[in-house]
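Per-entry structural report
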Amino acid sequence: DLAIAEASGRQFIVKAGGEAVQCIGVPDRGWGIAIKIGDGGARAVGPLVIDLLRQLDILDPSALAGLGPLRSPQLRNHRGTVIGSARCVVGLARD
């Protein structure tokens, strides 16, 4: 929550909820965004939220760069070995 709010220059109101829920208010645009990951796995929230904000073009490139670790976090096994990364593959439909 704090990383996203700070990246936006505190222009967003951000609140996480239980079971992989994330809500974002964008007062300047009159938008409310709510995200729920169906399986409750929180590891998908960061990549989805950051890429959604990128696709909506509401964060400048420097702010997006600062959120890189949240946008594509490394996944590790029980031994701490990196086994991959999470990333968003969802694209918004534009009319």
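The numbers attached to residues start from 1 for each chain and follow its sequence in the written order. Restriction of local features to residues with pLDDT of at least 70 applies here, the model being predicted, together with a cutoff of 80 or more for giving and counting side-chain atom pairs; totals for whole chains, interfaces and linings are based on all residues. For side-chain calculations, the full set of non-hydrogen atoms in the structure is used, while hydrogens and water are omitted.

Bringing the environment of leucine 52 into the picture now. Mapped onto the elements of the fold, leucine 52 is located in helix 2 (residues 45–55). Between the C-alpha atoms of leucine 52 and leucine 64, which are twelve residues apart in sequence, the distance is 11 Å. Contact partners of leucine 52, with chain neighbours within four places excluded, come to Ile33, Ile35 and Leu92. The helix and strand labels rest on DSSP assignments: H or I over at least four residues marks a helix, E over at least two residues marks a strand, and numbering proceeds from the N terminus. The contact criterion used is simple: two residues touch if any of their non-hydrogen atoms lie within 4.5 Å.

Turning our attention to the confidence of the model for the chain. pLDDT gives the predictor's per-residue confidence on a scale running from 0 to 100. Across the chain, the average pLDDT comes to 89, with 99% of residues at or above 70. In the model of the chain, helix 4 (residues 68–71) stands out as the element of lowest mean pLDDT, 84, in contrast to strand 2 (residues 21–26), which has the highest, 95.

Moving on to the pairing of strand 1 (residues 13–17). DSSP-based pairing: two strands are paired if at least 2 bridges between them are found. Pairing between strand 1 and strand 2: five bridges, direction antiparallel. When the sheet's bridge partners are listed, lysine 15 is paired in strand 2 with cysteine 23.

Our focus in this paragraph is the side chain of glutamine 55. Within the secondary structure, glutamine 55 is located in helix 2. Given a relative accessible area of 15%, glutamine 55 falls into the buried group. Within the structure, the side chain of glutamine 55 is placed 2.7 Å from the backbone nitrogen of leucine 92, a separation counted as a polar contact. When neighbours within four sequence positions are excluded, glutamine 55 is seen to be in contact with Val90, Gly91, Leu92 and Arg94. Partly exposed residues are those whose accessible area sits between 20% and 50% of the maximum for their type, while under 20% is buried and over 50% is exposed, using a 1.4 Å probe and protein chains only. We define a polar contact as two N or O atoms separated by no more than 3.5 Å, with the added condition that, inside protein, one atom must be a possible hydrogen donor and the other a possible acceptor, whereas residues neighbouring each other in sequence contribute only through side-chain atom pairs.

It is worth spelling out the nonpolar core at this point. Each nonpolar core is a collection of buried residues, namely Ala, Val, Leu, Ile, Met, Phe, Trp, Tyr and Cys, held together in the definition by side-chain atoms within 4.5 Å. Judged by nonpolar contacts, the single largest core of 20 residues is most densely connected at Ile4, Phe12, Ile24, Val49, Leu53 and Leu59. Listed by contribution, the elements that provide at least two residues to this core are helix 1 (2–7), strand 2, strand 3 (31–36), helix 2 and helix 3 (61–66). Element by element, the count of residues in this core is highest for helix 2, at five residues.

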